[in-house]
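# Secondary and tertiary structure notes
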Amino acid sequence: MLKLEQRLRNLECPKGKIDLVLDTDAYNEIDDQFAISYALHASEKLEVKALYAAPFFNERSTGPADGMQRSYDEILKLLRLSGMEKPVFRGSDAYLPDEKTAVRSEAAEDLGKRAMDYTTDHPLYVVAIGAITNVASALILHPEIADRIVVVWLGGNALHWHDNKEFNCMQDVAAARVVFDSGAPLVILPCMGVVSAFTTTGPELNFWLKGRNPLCDYLVEHTVEAANEYARDRIWSRVIWDVTTIGWLLNDDNRLMLDEWIHTPIPEYDHHYSMDTRRPLCKYVYHINRDALFSDLAAHITK
């Protein structure tokens, strides 16, 4: 377990260039694609070392394994549109059966091995924007990596929200509990009540992104297409909250969001958080500067 001073240092917005891996259910929603694109194009500070396909199960997949495979294919598509090459690994084909049993995958094995090349003073940042199964599995298989990583997770709802029924957390509560109990430095970006403020609209996307490059055209087309399908000629805005995880890494001088120290909450199986002040401190994002973050996103992906 990290000493308090080291934990506090590792949970500050990083200074200088950092290495990260990105764990994503990229086919689930369009916001993953925005987050991946942002990370890939913020190369002045972020070095994306690998991308992991996370499982998901809803109307866009036939099960966790299918969701993972579709996400794997989507990651490869985004890399092609960006003109980049990065290692991509298939993740878990199922959720954790319990809190002690890992689901082995290429992603979990790569994270376990890769993280050992880092130290407490020079950690690997693990950005997770889906069910956190791959990260939890790596921590079960290789618990020693907890002191060598910083986990930045978009999942769960705000502490003031009436429940914790959020897609990333609900899919694999056992995995969330493993990560939250691991002792790894943790940054939480809650969905409803906090990062749900990070939305965009069709006119905004068309004005700032359309026609800039093939990647931007892809993001605009698919966002507008999906929104028009569910909005059906009504006024709409679209949440693209996964972007906020990358924003936290770039949040020099709190220009993009605000966070605070809290004791690491406990994800419960009945979909709420419990609190215990004896648990380690973590970072909790409580406000998003929407305009500043969208401006920074657009500036990077239109380059």
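Described in the following lines is the structure provided in the data block. Every value quoted in this text rests on a predicted model; they were computed, and no experiment measured them. (Residues numbered from 1 in each chain as written. Predicted model: local features only at pLDDT ≥ 70, side-chain atom pairs only at ≥ 80, totals over all residues. Heavy atoms only, no water.)

### Regarding the overall build of the protein chain
Along the backbone of the protein chain there are 11 helices and 12 strands. Taken along its principal axes, the extent of the C-alpha atoms in the protein chain is 50 × 45 × 40 Å. Scored against the burial criterion, the 303 residues of the protein chain give a buried share of 59%. A separation of at least 24 residues holds for 77% of the contacts in the protein chain among residues at least 6 apart in sequence. For the protein chain, the accessible area works out to roughly 12,500 Å², and carbon and sulfur atoms hold 51% of it. Side chains of the protein chain carry 31 positive and 45 negative charges; the gap between the two charge centres is 3 Å. (Helix = DSSP H or I, 4+ residues; strand = E, 2+ residues; numbered from the N terminus. Buried < 20%, exposed > 50% of the residue type's maximum accessible area, 1.4 Å probe, protein only. Contact = heavy atoms within 4.5 Å. Areas by Shrake-Rupley, 256 points an atom, 1.4 Å probe, with all protein chains shown as cover. Lys, Arg positive; Asp, Glu negative; His and termini not counted. Charge placed at Lys NZ, Arg CZ, Asp CG, Glu CD.)

### Section: the side chain of Glu166
Tracing the backbone shows Glu166 in the loop between strand E5 (149–154) and helix H6 (167–171). For the buried Glu166, which has no salt bridge, the nearest side chain bearing the opposite charge is Arg238, at an N-O separation of 11 Å. Dropping the residues within four chain positions of it, Glu166 is found in contact with Gly155, Gly156, Asn157 and Cys191. (Salt bridge = Lys/Arg side-chain N within 4 Å of Asp/Glu carboxyl O.)

### Description of the environment of Asp121
Locating Asp121 in the fold gives a position in the loop between helix H4 (106–115) and strand E4 (124–128). Classification of Asp121 as exposed rests on a relative accessible area of 62%. When the C-alpha positions of Asp121 and Leu141 are compared, they lie 22 Å apart, and in sequence the two are 20 residues distant. A polar atom in the side chain of Asp121 sits 3.5 Å from the side chain of Gln6. (Polar contact = N/O pair within 3.5 Å; in protein donor to acceptor, adjacent residues only side chain to side chain.)

### As for the sheet that holds strand E9 (residues 257–263)
An order of E3-E2-E1-E4-E5-E6-E12-E9 is seen for the 8 strands of this open sheet, with the pairing classed as mixed. Of all the strands in the sheet, just strand E3 (88–89) and E9 have a single pairing partner and so form its edges. As paired strands, strand E1 (residues 18–24) and strand E2 (residues 46–53) are joined by 7 bridges and run parallel to one another. Looking at the pairing, Val21 lines up with Ala50 of E2. (Pairing = 2+ DSSP bridges.)

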